[in-house]
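As a plain string of letters, each chain reads:
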Amino acid sequence: GENVEQHPSTLSVQEGDSAVIKCTYSDSASNYFPWYKQELGKRPQLIIDIRSNVGEKKDQRIAVTLNKTAKHFSLHITETQPEDSAVYFCAASSGGGGNKLTFGTGTQLKVEL
Amino acid sequence: DTGVSQNPRHKITKRGQNVTFRCDPISEHNRLYWYRQTLGQGPEFLTYFQNEAQLEKSRLLSDRFSAERPKGSFSTLEIQRTEQGDSAMYLCASGYPGPGELFFGEGSRLTVL
């Protein structure tokens, strides 16, 4: 089955700096890669996703890049703000098995003033 | 609120008791997923339904766990003879067929004493 690894597990940045979180996946059939943000005690919420026919996608301060050959994808947050502080999870789906998502272990991002 | 709802939000039980959680998905979604999340980890897939059919169960799901979605709408997850290792957040999510966003509920937190 799919295995997703995520690094780093914790990340502390100064407000206004950029943050980068990296994930690798094992199943070459995976074709959908979402990123979820989870605030303490809250549900995971999708912030951005990318499909395997696209190399990069941007949405305001957030971007995701995908390298299918190397089987890794990354989340980039620019001009970080305190409200970006949360746990971020990457995930991958192969489309088979009901499109279930396999999640990484999460990155605790702390944006310091 | 037309999002995914779960109840109860919190359940404290003694080891050996049975517990049941309910999930009401977004009404137009025919896919429903159950995940388990422990502290510091990403959500782990347990099982999923397409309409009323349970199409996949994770190896994580021991035979003490059973899930149903009798009319293709709400779903229940029952844990029999609970163990302390069952303590976790149980998340429900729903979505459309095909790779795409899963919408999560707020979760049901189980504590087994």
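Residues numbered from 1 in each chain as written. Chains lettered and ligands numbered in written order. Predicted model: local features only at pLDDT ≥ 70, side-chain atom pairs only at ≥ 80, totals over all residues. Heavy atoms only, no water.

**Q** Describe the environment of Lys42 of chain A, naming the residues involved and giving the relevant values.
**A** By the secondary structure assignment, Lys42 of chain A is in the loop between strand E4 (32-38) and strand E5 (45-51). Note: C-alpha distance between Lys42 of chain A and Leu66 of chain A (24 residues apart in sequence) is 27 Å. (Helix = DSSP H or I, 4+ residues; strand = E, 2+ residues; numbered from the N terminus.)

**Q** Account for the pattern of salt bridges, naming residues and giving values.
**A** Under the definition given, this model contains 8 salt bridges over all chains. A salt bridge links Glu106 of chain B to Arg43 of chain A, with the shortest nitrogen-to-oxygen separation between them at 3.1 Å. Highlighted residues: Glu106 of chain B in the loop between strand E10 (103-104) and strand E11 (108-112) and Arg43 of chain A in the loop between E4 and E5, drawn from two different chains. For the salt bridge of Glu83 of chain B with Arg64 of chain B, the shortest nitrogen-to-oxygen distance reads 3.4 Å. Note that Glu83 of chain B is positioned in the loop between strand E8 (75-79) and strand E9 (88-95) and Arg64 of chain B in the loop between strand E6 (53-57) and strand E7 (65-68), a separation of 19 residues in sequence. Each member of the salt-bridge network shares a partner with another, and the members are Arg64, Glu83 and Asp86 of chain B. (Salt bridge = Lys/Arg side-chain N within 4 Å of Asp/Glu carboxyl O.)

**Q** Give me the sheet that holds strand E3 (residues 19-24) of chain B: which residues, what numbers.
**A** Strand pairing in a sheet relies on backbone hydrogen bonds. The paired strands run either parallel or antiparallel. Residue and element names in this part refer to chain B. What the 4 strands build is an open sheet, ordered E1-E3-E8-E7; its pairing is antiparallel. Every interior strand has two partners, whereas the edge strands, strand E1 (5-7) and E7, have only one. Mean inter-strand twist for the sheet, computed between neighbouring axes without regard to direction, equals 15°. Sheet analysis places E7 next to E8, joined by 4 bridges and oriented antiparallel. Bridged to Ser66 within E8 is Glu78. (Pairing = 2+ DSSP bridges. Axes fitted to C-alpha atoms, helices over the stretch in contact; angles between N-to-C directions.)

**Q** Describe the packing of aromatic side chains, and please don't skip the residues or the numbers.
**A** For the structure on display, the rule yields 15 aromatic pairs over all chains. Ring centres of Tyr36 of chain A and Phe104 of chain B lie 5.5 Å apart, and the angle between their planes is 90°; this geometry places the pair in the edge-to-face category. You can see Tyr36 of chain A sitting in strand E4 and its partner Phe104 of chain B sitting in strand E10, one on each of two chains. Looking at Phe104 of chain B, the relative accessible area reads 2%, which means it is buried. Judged by centre distance (6.4 Å) and plane angle (50°), the rings of Phe45 of chain B and Tyr48 of chain B are tilted. The same class applies to Phe45 of chain B as to Tyr48 of chain B, namely buried. Ring pairing ties together the aromatic residues Tyr36, Phe89 and Phe103 of chain A together with Tyr33, Tyr35, Phe45, Tyr48 and Phe104 of chain B, which thus form one cluster. A cation over a ring is seen here: Arg22 of chain B above Phe74 of chain B, with NZ or CZ 3.9 Å from the ring centre. (Phe/Tyr/Trp six-rings, centres within 6.5 Å; stacked < 30°, edge-to-face > 60°. Buried < 20%, exposed > 50% of the residue type's maximum accessible area, 1.4 Å probe, protein only. Lys NZ or Arg CZ within 6 Å of the ring centre and 35° of its normal.)

**Q** Describe the interface of chain A and chain B, listing the residues and the values that go with them.
**A** In many analyses, interface size is given as the accessible surface area lost on bringing the parts together. In this complex, chain A contributes 19 residues to the contact, which on the side of chain B involves 23 residues. Between the two partners, chain A and chain B, sit 2 salt bridges. Of the charged contacts, one joins Glu56 of chain B and Lys100 of chain A as a salt bridge, the two residues approaching to 2.8 Å between their closest N and O atoms. Considering each element in turn, the side of chain A that touches chain B owes the most residues, 3 residues, to E4 of chain A. Grouping the amino acids of the side of chain A that touches chain B by side-chain chemistry returns 7 nonpolar, 8 polar and 4 charged. (Contact = heavy atoms within 4.5 Å. Nonpolar A, V, L, I, M, F, W, Y, C, P; charged D, E, K, R; others polar.)

**Q** With reference to specific residues and values, describe unusual backbone geometry.
**A** Trans is the common state for peptide bonds, and a negative phi is the common state for residues other than glycine. A cis amide bond links His7 of chain A with the next residue in sequence, Pro8 of chain A, at an omega value of -5°. Among the structural elements, Pro8 of chain A can be located in the loop between strand E1 (4-7) and strand E2 (10-14). Following Asn7 of chain B, the chain continues into Pro8 of chain B via a peptide bond in cis, with omega recorded as -5°. Here Pro8 of chain B lies in the loop between E1 and strand E2 (10-13). In the Ramachandran plot, Gln60 of chain A falls in the positive-phi region, its phi being about 60° despite a non-glycine side chain. Relative to the helices and strands, Gln60 of chain A is located in the loop between strand E6 (56-59) and strand E7 (62-67). Exposure remark for Gln60 of chain A: the relative accessible area of 79% places this residue in the exposed category. Even without a glycine there, the phi angle at Glu79 of chain A is positive, about 45°. Tracing the backbone shows Glu79 of chain A in the loop between strand E8 (72-77) and strand E9 (86-92). Judged by its relative accessible area of 51%, Glu79 of chain A falls in the exposed class.

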